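Okay, here's what each chain looks like letter by letter:
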Amino acid sequence: MAQWTSAIGPAQLARQLKAQQPRPAGAGLRKPPAYRALADGIRLLVLEGRVPAAARLPAERELALALSVSRTTVAAAYEALRAEGFLESRRGAGSWTAVPAGHPLPGRGLEPLPPEQLGSMIDLGCAALPAPEPWLTRAVQGALEELPPYAHTHGDYPAGLPALRQMLAERYTARGIPTMPEQIMVTTGAMGAMDAICHLFAGRGERVAVESPSYANILQLMREAGARLVPIAMAEGLTGWDLPRWRQVLRDAAPRLAYVVADFHNPTGALADEDQRRQLVDAARSAGTVLVVDETMSELWLDEDVDMPRPVCAFDPAGATVLTVGSASKAFWAGMRIGWVRAAPDVIRSLVAARAYADLGTPVLEQLAVNWLMATGGWEQAVDIRRAQARENRDALVAAVRRELPDWEFHVPHGGLTLWVRTGGLSGSRLAEVGERVGVRVPSGPRFGVDGAFEGYVRLPFTVGGPVAEEAAVRLAAAARLVETGGGSGSAEPPPRTFVA
């Protein structure tokens, strides 16, 4: 019986391997042999989760043809991976990837760090901050006071609690976009909203246009739904979208769905201006493409002089072309798993009907907590706390990275939670691998791209500040030196000291 649960084709694996930057040989060191470089490349893909464990690899002859190398090179690479525990084989069943004992199983997205590792590892993987107290506690207490009437019902509200749908509709209306409660569906976080949208609009084989780079977890969700991702490069700097490219792709590829983050884009921090928003809605409408706008970062402007443009849905108020996704998880707290979709009433009805086969509804108590926050003014005060935390952390992290890694390049965003960093020619994948062994966890650029793009980048979120941000930069610099000198393979010294972040 075969031990593999999925397969990766030779062309796909070759694209991902060719996108990797070669490991630096280091001063006075020889370039590694071809088989060793190939084995290292496959190992990195497994460690990052971009090739899953238990994935069947191509036959030696097939991969050799795809990479234009000898079959002997591929055979030697496979043998090295078997010796290291990253490959298992059986006659007649082929070879499949594995994770050696002692290595954590890699996630396909940006999963939170396990609690038992928080003492020794600085976690720059997950862009989430602690709860803005005392507002979390007050919101839960307020929700408990309002819970008794709901406890006498079945508790299933597939479209969301009527009170919260009304509250969200009123908030959109106050922003200048007239909205009815029938245009709102409450979901279990923004990921729950995107999952419902993908199942309704982007069936297996459907094209979906995405920004390049884009949010890693959404890209993975779409891949697992069977979508064919069509990447469209962002404009230079933090200036938003390249509209000529978007118009061309929407016209030529005719994707069923497009996913964008207009407000402090994850990971780049870009803010699309109002004219770009209008033009993109017009282009999507002309192409018959449903435009999904993720505005989970829209309230996280960090600088006082930011002139926030109107929401993208302001250019499609009926919601026929634009589906807007919002969430409490970024602006308030990641543990508050409340999201929502704003769209045309008929789209909402379809999403609600499809939801019956997924999660039925969103927890009542959490919906009551968010509704309490928004009704009492606590939401605005909590978001002010969140902005202050993120601003302080951003400034500390920027200063530390500039001091410890002066060759790394980035634009400082005016909002959001992430810094998109060009790593001075170093491999982001190798920095991520070595970083975990020197005590700092950072996601590499390829997680935010399609088919191995952005190897020369890492994403740094504003989740730590003060001395912890300084120590994170020190550890990143140590990882960079190991990668530069070719010391990124094998064991590394343990983290220099413990931080509880």
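Here is a short report on the structure shown in this document. (Residues numbered from 1 in each chain as written. Predicted model: local features only at pLDDT ≥ 70, side-chain atom pairs only at ≥ 80, totals over all residues. Heavy atoms only, no water.)

### Some words on the overall build of the chain
The condition is simple: Helix and strand assignments come from DSSP, with helices taken as H or I runs of at least 4 residues and strands as E runs of at least 2, each series counted from the N terminus. Each residue is placed in one exposure class: buried if its accessible area under a 1.4 Å probe, protein chains only, is under 20% of its type's maximum, exposed if it is over 50%, and partly exposed if it falls in between. Any two residues having at least one pair of non-hydrogen atoms within 4.5 Å are treated as being in contact. Using the Shrake-Rupley algorithm and a 1.4 Å probe, accessible areas are obtained, with residue cover drawn only from the displayed protein chains.
When helices and strands are tallied, the chain shows 16 helices and 15 strands. Looking at the 501 residues of the chain, the share that counts as buried comes to 53%. The contacts of the chain with a sequence gap of at least 6 include a subset with a gap of at least 24, amounting to 76%. With an accessible surface of roughly 20,800 Å², the chain has 54% of that area assigned to carbon and sulfur atoms.

### Observations regarding the pairing of strand β11 (residues 322-327)
As a general feature of sheets, a regular strand has side chains that alternate between the two faces. We count it as follows: In this analysis, strands are considered paired if DSSP registers two or more bridges between them.
Counting buried positions over the six residues of β11 gives six, a clear majority of the element. Both faces of β11 are covered, namely the face carrying V322, T324 and G326 and the face carrying L323, V325 and S327. Of the strand pairs in this sheet, β11 and strand β12 (residues 339-342) are connected by four bridges, and their pairing is antiparallel. Considered in β12, the bridge of S327 is made with G339.

### As for the pairing of strand β4 (residues 94-97)
Pairing geometry for strand β3 (residues 87-90) and β4, over four bridges, is antiparallel. Paired with L87 across the two strands is T97, which belongs to β4. Connecting β3 to the next strand, β4, in antiparallel fashion are three residues, including G92 with a positive phi near 90°.

### Some details on unusual backbone geometry
Here the amide bond leading from E133 into P134 is cis, since omega sits at 10°, within 30 degrees of zero. Inspection of the secondary structure assignment puts P134 in the loop between β5 (122-123) and α5 (135-146). Backbone torsion omega between N266 and P267 reads 25°, so that peptide bond is classified as cis. Along the polypeptide, P267 turns up in the loop between β9 (257-260) and α11 (274-287). Positioned with a positive phi, S68 is a non-glycine residue whose angle comes to about 60°.

### Regarding helix α12 (residues 345-355)
Just so we agree on the cut-off: As used here, the arc belongs to the directions running from the helix axis to the C-beta atoms.
Those residues of α12 lying buried are V347, I348, L351 and R355. Here the buried residues of α12 occupy an arc of 100° about the axis, which is enough to place them on one side. In this fold, the buried residues of α12 make contact with α7 (162-174), β6 (184-187), α8 (189-201), β11 and β12.

### As for the sheet that holds strand β7 (residues 207-212)
Counted only if it meets this: Interaxial angle, 0 to 180 degrees, is taken between N-to-C directions of lines fitted to C-alpha atoms, where a helix line uses only the stretch in contact.
Across the sheet, seven strands lie side by side as β6-β12-β11-β10-β9-β7-β8; this open sheet has mixed pairing. Looking at the sheet topology across the chains shown, the edges are occupied by β6 and β8 (228-233). Geometrically, the sheet is characterised by an average inter-axis angle of 20° between neighbouring strands, direction not taken into account. Here strand β10 (residues 290-294) runs beside β11; their pairing, made up of four bridges, is parallel. Counted as the bridge partner of L291 is V322 from β11. Relative to the sheet, α8 contacts β6, β9, β10, β11 and β12, its axis offset from that of β11 by approximately 155°.

### Things to note about the nonpolar core
We count it as follows: Throughout this description, the term nonpolar core refers to a set of buried Ala, Val, Leu, Ile, Met, Phe, Trp, Tyr and Cys residues connected via side-chain atoms within 4.5 Å.
Residues W241, W246, L291, F332 and W379 are the most contacted members of the largest nonpolar core, which totals 56 residues. In terms of residue count, helix α13 (residues 364-376) provides more of this core than any other element does, seven residues in total. Ignoring any residue separated from it by four or fewer positions in sequence, one finds L291 in contact with A258, V260, L280, V281, A284, V312, T321, V322 and L323. By size, the runner-up hydrophobic cluster in this structure holds 39 residues, among which are A400, L460, V468 and L476.

### Side note on the packing of aromatic side chains
Quick reminder of the rule: Pairing of aromatic rings covers Phe, Tyr and Trp, the last counted by its six-membered ring, and requires centre-to-centre distances within 6.5 Å; plane angles under 30 degrees mean stacked, over 60 mean edge-to-face, and any other angle means tilted.
Overall, the coordinates contain six aromatic pairs when judged by the stated rule. A centroid spacing of 6.2 Å and a plane angle of 75° characterise the contact between Y150 and Y157, whose relative ring orientation is edge-to-face. Look at Y157 and you get buried, because its relative accessible area is 17%. Relative to Y457, the ring of F454 has its centre 5.9 Å away and its plane inclined at 80°; by these criteria the two rings are edge-to-face. Here F454 and Y457 have matching classes, each one buried.

### Remarks on α8
Helical periodicity: at 3.6 residues per turn, an α-helix aligns residues three or four positions apart in one direction. Let me state the cut-off plainly: In this analysis, the expected span of each helix is defined as 1.5 Å times one less than the number of residues it contains.
Here α8 is 13 residues long and its end C-alpha atoms lie 19 Å apart, about the 18 Å a rise of 1.5 Å per residue gives. By the burial criterion, the buried members of α8 are G189, A190, A193, M194, A196, I197, C198 and F201.

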